[in-house]
Amino acid sequence: MRPSARPALPAAILLLLAVAAQAGVAERAQEFLDFGAGVLALVSLTSTVLWGLAATDRRLLGSAHRLLAQGVHRGLAVAGLGFLALHIWVKVAEDRTSPAAAAVPFADNGQPFLIGLGTMAGYLFVAVAVSGALRSAFSSVGGSRRWRALHMAAYPAWGAALVHGLHAGRPAAGWATAAYALCLAGVAAALTLRLRTRLHEERAERTGPGGQA
């Protein structure tokens, strides 16, 4: 019979941890998270916005594809909020800001406006996520309008997060600036297409099936 490998597993894990500590993996991971967690949060939340816009399209996507897009939209929202929580935790743990400044907008002593934008964006994203999870509670006609108005808060939240990410803290690395630029271009393009689709739908409703206003 072959001997079990289970007794050797804890020793292998300890050896792996020792090698990682000797190589400085923990320090490098902490350095990356100090800057990268915020970028990952913004990229994830930008993707959430893009997939949310895609899920509303009725010209190119069928019902099954819209359901898939909504699922991706929700999954990316959860990932974005997770990266956002990690970003806040790292900044507080590294004394980049205080717990009070992270919780109260515009309360930071060093950069009240820029840190405050990040705090406000975080609250707005959480509010949008909660409203999305509780959409069934807005099933009435008036409630649907309120839900859409609340969900639209994702756009100013995203803009505030973009300004916060570009100007708060140390200067952005080249790859981070490129990621922010792609985020901006992607949302702008998706919004433009969505507005054109909405105008086309409204024009079609006004003209009616006969093609005349």
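Residues numbered from 1 in each chain as written. Predicted model: local features only at pLDDT ≥ 70, side-chain atom pairs only at ≥ 80, totals over all residues. Heavy atoms only, no water.

K.L.:
Sorry if this is basic, but what is going on with the side chain of Asp-108 here?
P.N.:
With respect to the helices, strands and loops of the structure, Asp-108 is situated in the loop between α4 (99–103) and α5 (112–133). For Asp-108, the side chain forms a polar contact with the main-chain nitrogen of Gly-110, separated by 3.0 Å. In terms of polar contacts, Asp-108 uses its side chain to reach the backbone amide nitrogen of Gln-111, at 2.7 Å. Not counting the four nearest positions on each side in its chain, Asp-108 is found in contact with Thr-97, Ala-101 and Ile-115. (Helix = DSSP H or I, 4+ residues; strand = E, 2+ residues; numbered from the N terminus. Polar contact = N/O pair within 3.5 Å; in protein donor to acceptor, adjacent residues only side chain to side chain. Contact = heavy atoms within 4.5 Å.)

K.L.:
Would you explain the nonpolar core in this entry?
P.N.:
What tends to happen in soluble globular proteins is that the nonpolar side chains get buried as a cluster. Leu-42, Phe-125 and Trp-158 are the most contacted members of the largest nonpolar core, which has 19 residues in total. Contributions of two or more residues to this core are made by α2 (25–55), α5, α7 (154–167) and α8 (174–207). Considering every element that reaches this core, the biggest residue donor is α2, with 6 residues. Among all residues touching Phe-125, those that are not within four sequence positions of it are Leu-45, Leu-81, Ala-154, Ala-157, Trp-158 and Ala-161. (Core = buried A, V, L, I, M, F, W, Y, C linked by side-chain atoms within 4.5 Å. Buried < 20%, exposed > 50% of the residue type's maximum accessible area, 1.4 Å probe, protein only.)

K.L.:
Hey, could you run me through the packing of aromatic side chains in this one?
P.N.:
Any pair of aromatic rings gets described here by the distance separating the centres and the angle formed by the planes. Evaluation of the coordinates by the stated rule reveals 1 aromatic pair. Relative to Phe-113, the ring of Phe-106 lies with its centre 6.5 Å away and its plane at 20°, an arrangement referred to as stacked. (Phe/Tyr/Trp six-rings, centres within 6.5 Å; stacked < 30°, edge-to-face > 60°.)

K.L.:
How should the packing of α5 against α7 be read in this particular structure?
P.N.:
For any two helices packed against each other, one specifies the crossing angle of their axes together with the interaxial distance. Interaxial distance between α5 and α7 falls to 8 Å at its minimum, and their mutual angle equals 145°. Two packed elements cross with a definite hand, and for α5 against α7 that hand is left-handed. Contacts between α5 and α7 pair Leu-114, Ile-115, Leu-117, Gly-118, Ala-121, Leu-124, Phe-125 and Val-128 from the former with Ala-154, Ala-157, Trp-158, Ala-160, Ala-161, Val-163, His-164 and His-167 from the latter. Of the residues that constitute the contact of α5 with α7, the class distribution is 13 nonpolar, 3 polar and no charged. (Axes fitted to C-alpha atoms, helices over the stretch in contact; angles between N-to-C directions. Left-handed = near helix turned anticlockwise from the far one by under 90°. Nonpolar A, V, L, I, M, F, W, Y, C, P; charged D, E, K, R; others polar.)

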